[in-house]
Each structure stands twice: as C-alpha cells, then as structure tokens.
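Topology and contacts: notes
Here's the letter readout for the chains.
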Amino acid sequence: MTSAARLVSNVGSLLGDADDFDQLRSLVFDLASSGQLVAAVGPQPANDKAHACDAEGRVGGALPTYLPVLPPDWTWKPLAEIVRLETGTSADDLQRARLASVGEGVPYISTKDVGYGSEPVPIDTGLRVPASDRIFRRTPGGSVLLCIEGGSAGRKLGMTQGEVAFGNKLAALECGDEIIAPFLLVFLQSSLFRDQFAEKKSGLIGGVSLKKLRTTLVPLPSLQAQRVIVGEVERVLAATLAVEGVHMRAEQTRGECLEAFRLFLHKEHEIRSELHAKLAALIRELPRLLSRGDRVGEVEESAIRLLVFGVVYEPSDEGVVEGRLHPELRAGSGGSPSIPRHWRWATLPELGEFGRGVSKHRPRNDPALFDGGEFPLIQTGEVARSEGFVREVHSYYNETGLAQSRLWPCGTLCITIAANIAASGVLSFDACFPDSVVGLIPNPALADARFLHYCLLALRSLLVEAAHSTAQMNINLSVLSRLLVPVPPLDEQHKVVMAIDRLIEARRRLVSAFDLQSSVRRDALASLGPACHHA
C-alpha cells in the first residue's frame with residue numbers, strides 16, 4: 001500500500017491516540033517528499049534516470065531500494081548540488097563566557113538551542129558573536145541548521161530567522177536556486193532523508209560527516225511545485241495540531257472526570273470495609289468506559305444508582321435494610337437493592353403532598369384558556385428535557401385556564417406518567433401541569449426534592465419496564481404511590497445531591513470535550529481532502 005493510500009485509509013484512526021500524531025506528521029512529510037501529497041504542478045522535463053552517489057558525491061549506480069519512485073516531472077539530486085554545506089565552530093567554556101558578555105552581535109547557536117523542525121531557530125540564546133569576530137562560522141537567515149553528531153543527529157533541525165553563528169555539531173544548509181528552504185525542511189523530516197542519514201552514520205557517537213552528508217539524494221520538483229507542497233503541508237499540520245490540542249484537553253478532562261468519579265465513590269462518604277461488588281466493578285471499568293463518549297452516560301447512571309442507594313456508606317453493626325421495591329417493579333431487575341441500616345424506605349405520598357396535575361376543560365387547547373395568559377403551563381416534554389430543573393415553558397394559562405387547573409409551587413417535583421415515562425424535574429417557578437404529570441411537594445423535614453429526582457432517575461428503567469407491560473404504555477398514580485424509595489437523613493440527602501451535581505457537571509464537560517474533539521477531527525479530515533483526493 002502506498003503512503004498516500006495509508007493516509008486515506010488510516011487518518012481517521014490516527015487522529016485519536018497521543019502517540020499517533022507524530023506518526024501522522026511523519027506520514028505527511030513522506031507524502032510531500034515523494035510527490036504524493038498534491039497533484040502535479042506545472043510542467044517540468046521528466047528525468048527518470050536517477051542514480052545513487054558514491055562516497056565522493058559522484059553519481060552512479062542504482063537507487064537504494066528504500067527510496068520511492070518519483071513522479072515523472074521530479075528528479076533526484078545530491079544535496080551538494082543544490083545547497084551549500086558547512087559545519088560550525090565549537091566554543092569552549094572560556095569562549096562561551098566571552099560571548100555571554102557581548103551586547104551587540106549575531107546569536108551563537110548550539111545543538112541544545114535547535115528544536116525538531118516545528119520551530120525556527122531562536123534569535124536570542126544568551127550568547128552573541130561580535131560583528132568583527134571572524135573565528136565563528138556564520139550562516140544567513142533562511143538557512144537550515146541540522147544536527148549531524150550525537151544522540152539528536154538527523155533529528156534536530158530548524159530554519160534560521162536571521163544571520164547566526166553556529167556550533168561544530170551543526171551543519172548549515174544554504175539553499176541554491178533549485179530548492180526553497182521550507183521544502184528542504186519538509187524533506188529533512190521525512191523517512192526519505194532519515195533512512196539515508198541512518199545508513200551513513202558511523203562512530204561511537206553516531207555522527208555523519210559533511211562529506212557523506214553531501215551525497216544525500218534529495219527529491220526535487222519544480223520551485224512552483226515546492227511552494228504548493230509546502231503550503232499544503234502547513235495546512236495539514238495546522239489541522240493536525242488543532243486536533244492534537246483538543247485531544248490533549250479531552251485527555252485532561254477525562255483524567256479529571258476519572259478522578260472526580262473516584263472521589264464521589266471513595267471520599268464523599270465513608271466507604272464500607274468491603275466495597276459493594278457493583279461499586280468495585282464500576283471503579284475497575286472507569287478507564288475503559290471513560291475512553292468513549294457514548295459510554296459516559298453509562299458511568300453516570302451507574303454512579304447515581306450507587307449513590308442514591310447508599311452503596312458507599314458505612315453500614316451500622318446491624319447491616320443493611322433489604323430492598324423493598326414494589327413487586328410490580330421487581331421483574332427483570334436482578335433483585336432489589338439494599339440500603340444502609342440508618343436509612344429507611346418510604347412511599348412518595350409519605351414524603352409530602354402527592355397528586356396528579358389538573359386540566360379539566362375540554363378541549364385542552366381551547367384558546368379561551370390561554371388568551372392573554374400569564375400562568376405557566378408545562379407539559380411532559382418540558383419535564384423530560386429539564387435535566388433536573390424545569391426552566392422551559394411555552395404555554396401560559398389566563399385566569400380562566402388557572403380556574404380549571406392548579407398552580408403548583410416552585411420546588412415541586414414533577415413526574416411524567418405518559419408519553420415520556422417517569423421523567424422528572426423540579427419546578428424553578430410556580431406552574432400548572434395536566435394530569436399526565438404527577439406532582440410531589442416534599443415535606444422539607446423529610447425529603448429533598450432533588451434527591452427524590454435522582455432516586456427516580458435511578459429507578460426510571462424499572463418504571464419504564466412496568467409501563468411497557470401495560471396496554472396504554474404508561475404508569476398510573478397507583479404504581480407511583482406504592483413505589484418505595486430510599487430515604488436517608490436530610491443532611492445525607494443534601495450530600496448525595498451535591499455529589500451527583502458535581503458528577504453531572506463532570507459528565508457535561510467530558511461530553512463537551514468529546515464533541516469538540518469530534519468536530520475538530522472532522523475539520524482536520526476535511527482539510528486533508530485535497531491530499532486524499534489526489535491519492
């Protein structure tokens with residue numbers, strides 16, 4: 001498979017794991033240097049008689065097998081024919097001390113000052129060579145500095161932004177009329193160069209002599225094509241960098257969420273000496289579950305169930321109270337959950353004023369109920385979309401509409417029993433609702449409305465299952481009236497609510513990070529369109 005084909009087939013998966021971004025960049029450099037990144041640009045005489053160079057730089061013999069066949073309008077040329085090469089001058093400690101005291105002059109560049117191709121050579125290193133000093137070799141701006149000796153040989157490189165003096169482990173490549181420095185920089189970061197460089201290495205420190213470096217073969221398109229290729233490389237790398245940044249932020253967010261979940265399940269409350277099996281299983285699975293956006297909700301639901309049923313609480317010496325879910329809800333539930341001994345079970349009517357909404361008038365949408373209305377009327381859809389607090393309203397009763405309904409106070413827990421089964425949310429304003437919604441005004445001495453909302457969220461799958469067993473696909477007031485929910489002391493209810501609130505906020509941030517990551521990935525793939533199309 002060609003490099004271009006590999007890019008087309010693998011780029012989607014490459015933009016995912018941190019280690020793969022370097023792999024993608026290397027692939028882009030390979031495509032650009034072998035004529036596969038963009039379509040042919042402008043006419044150029046074909047030259048299919050490319051040959052290798054001997055140690056003296058003389059052309060002759062066959063190309064190495066690891067070098068690709070170039071497009072017909074490209075040619076291979078020895079580096080010595082298209083650039084001027086020279087090594088720099090070393091500076092001992094005494095010379096460095098002298099250079100450090102110079103106020104005016106050109107920067108002195110050592111290997112440590114040079115990056116790995118993505119950044120230009122710095123203009124201030126703290127060492128300067130006076131203009132009158134001719135001991136240190138210099139190179140003009142627009143040259144490429146390449147490390148040719150030591151552990152970073154063949155990998156450290158960068159373009160100069162102005163005239164610099166440079167050290168003896170660096171080679172300066174000053175471009176001639178046939179190649180531009182940005183294209184040379186692309187080639188020097190490709191495997192086409194690095195494979196040749198590795199073959200020429202010798203000695204204990206792994207260096208390449210200037211004599212051998214001169215024989216390096218360079219793929220050479222026209223100057224016009226070089227400029228187009230460099231532009232495309234910059235565009236693709238910018239997209240890759242954007243994806244990488246989002247990926248790193250998403251990884252950081254996932255790490256924060258993972259730690260947050262552990263705090264919720266380990267530190268928010270005292271832990272049992274032997275963790276509940278389900279809690280232990282969830283903690284073991286967190287790294288895997290949090291690696292995919294579509295699994296985050298699963299983690300949240302599991303954690304909410306564990307919290308509202310007190311799995312993370314230290315039980316008393318007497319143990320736990322066995323589960324007492326309503327018999328109609330036990331089928332398929334895998335058994336009823338247990339709660340800590342100091343908690344209790346209660347029905348919803350035992351915890352406050354409980355009843356169905358009211359809408360006596362028919363038809364329900366009679367304009368006479370709404371004209372000039374000012375009293376909010378919420379429906380099952382607003383409750384289902386509430387995410388805990390009902391803030392959305394689209395209809396308003398007038399005095400006539402209010403007279404045939406009931407105004408429930410802010411803080412009422414709303415529960416849907418038709419259409420959107422067992423969805424719940426707490427009113428953030430006084431409002432009316434129809435009989436497809438049940439209201440619970442909690443006794444403030446017994447229950448927190450938001451804790452009960454999270455209880456219903458944990459039990460919703462069972463309530464939906466019960467609704468599916470009926471012909472009308474709904475649940476009635478009788479089922480909800482007999483439903484038992486766990487009731488801890490009020491202070492513990494507040495702690496559970498705060499823990500779940502933080503859990504949900506962490507989930508929102510995590511999902512947002514996944515969404516942003518996907519969006520930038522799509523943009524990056526779109527930016528690769530020309531390259532993929534050409535391939």
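Heads up: the structure comes first, above all this text.
A brief look at the structure comes next. (Residues numbered from 1 in each chain as written. Predicted model: local features only at pLDDT ≥ 70, side-chain atom pairs only at ≥ 80, totals over all residues. Heavy atoms only, no water.)

With respect to helix H2 (residues 20-33)
An α-helix turns once per 3.6 residues; consequently, residues spaced three or four apart project the same way. Look at H2: 20 Å from first C-alpha to last across 14 residues, which is about the 20 Å you get at 1.5 Å a residue. The buried count for H2 comes to 11 of 14 residues, which makes it a mostly enclosed element. After H2 finishes, the residue Gly35 shows a positive phi value of roughly 80 degrees. (Helix = DSSP H or I, 4+ residues; strand = E, 2+ residues; numbered from the N terminus. Expected span 1.5 Å × (residues − 1). Buried < 20%, exposed > 50% of the residue type's maximum accessible area, 1.4 Å probe, protein only.)

Describing the nonpolar core
Grouped together as the largest cluster of nonpolar side chains are 44 residues, with contacts concentrated most on Leu173, Leu184 and Leu213. The leading source of residues in this core is helix H5 (residues 181-188), at 7 residues. The residues contacting Leu184, other than those within four sequence positions of it, are Leu79, Val83, Val144, Leu173, Cys175 and Ile179. Core analysis: the second largest hydrophobic core is formed by 43 residues, Ile415, Ala422, Ala458 and Val487 among them. (Core = buried A, V, L, I, M, F, W, Y, C linked by side-chain atoms within 4.5 Å. Contact = heavy atoms within 4.5 Å.)

Considerations on the environment of Val83
One can find Val83 in strand S2 (residues 83-87). Owing to a relative accessible area of 8%, Val83 belongs among the buried residues under this scheme. Separated by 90 residues in the primary sequence, Val83 and Leu173 have C-alpha atoms spaced 5.8 Å apart.

Some points on the environment of Val129
Mapped onto the secondary structure, Val129 falls in strand S4 (residues 128-129). The spatial distance from the C-alpha of Val129 to the C-alpha of Gln95 is 10.0 Å, given a sequence separation of 34 residues. Contact partners of Val129, with chain neighbours within four places excluded, come to Leu99, Glu104, Gly105, Val106, Tyr108, Phe136, Arg138 and Ala165.

As for the packing of aromatic side chains
For the coordinates displayed, the defined rule picks out 6 aromatic pairs. Ring plane angle 70 degrees and centroid distance 5.7 Å describe the contact between Phe187 and Phe193, whose orientation is recorded as edge-to-face. Across this residue pair, the class does not change: Phe187 and Phe193 are buried. When the ring of Trp408 is compared with that of Phe433, the centres are 4.9 Å apart and the planes differ by 20 degrees; the resulting orientation is stacked. Remark: Phe433 occurs in the loop between strand S19 (424-427) and strand S20 (437-442) and Trp408 occurs in the loop between helix H12 (399-403) and strand S18 (413-416); sequence separation between them is 25 residues. (Phe/Tyr/Trp six-rings, centres within 6.5 Å; stacked < 30°, edge-to-face > 60°.)

Some thoughts on the sheet that holds strand S14 (residues 352-356)
Two modes of strand pairing occur in sheets, parallel and antiparallel, and in both the strands are linked by backbone hydrogen bonds. Pairing within the open sheet is mixed, and its 5 strands lie in the order S14-S20-S18-S19-S16. Strand pairing shows two members of the sheet lacking a second neighbour, S14 and strand S16 (388-390), which therefore form its edges. Ignoring strand direction, the axes of neighbouring strands in this sheet form an average angle of 30 degrees. In terms of strand pairing, S16 meets S19 through 3 bridges, oriented parallel. Across the sheet, residue Phe389 finds its bridge partner in S19, namely Val426. (Pairing = 2+ DSSP bridges. Axes fitted to C-alpha atoms, helices over the stretch in contact; angles between N-to-C directions.)

Comments concerning the side chain of Gln226
Position of Gln226 among the secondary structure elements: in helix H8 (residues 223-266). Looking at Gln226, its side chain comes within polar contact range of the main-chain oxygen of Pro221, at 3.1 Å. Once residues within four sequence positions are removed from consideration, Gln226 is found in contact with Glu178, Ile179, Ile180, Phe183, Leu220 and Pro221. (Polar contact = N/O pair within 3.5 Å; in protein donor to acceptor, adjacent residues only side chain to side chain.)

Brief notes about the environment of Lys200
By secondary structure assignment, the location of Lys200 is in helix H6 (residues 191-200). Look at Lys200 and you get buried, because its relative accessible area is 15%. Between the C-alpha atom of Lys200 and that of Leu213, which follows or precedes it by 13 residues, the distance is 7.7 Å. The contact partners of Lys200, leaving out residues within four places of it in the chain, are Gly207, Val208, Lys212, Thr215 and Thr216. In terms of polar contacts, Lys200 uses its side chain to reach the side chain of Thr215, at 2.8 Å.

Quick word on the pattern of salt bridges
Applying the stated criterion across every chain, the model contains 12 salt bridges. The closest approach of N and O atoms between Lys112 and Asp113, which form a salt bridge, is 3.2 Å. On the accessibility criterion, Lys112 (60% relative accessible area) is exposed. Look at Asp113 and you get buried, because its relative accessible area is 17%. A salt bridge links Arg235 to Glu232; its shortest N-O distance comes to 2.9 Å. Residue Arg235 and its partner Glu232 are both found in helix H8; the two are separated by 3 residues, about one turn of the helix. The partly exposed category is assigned to Arg235, whose relative accessible area is 34%. Overall, the relative accessible area of 9% leaves Glu232 in the buried class. One connected set of salt bridges, linked through shared partners, spans Arg84, Glu86, Arg137 and Glu174. (Salt bridge = Lys/Arg side-chain N within 4 Å of Asp/Glu carboxyl O.)

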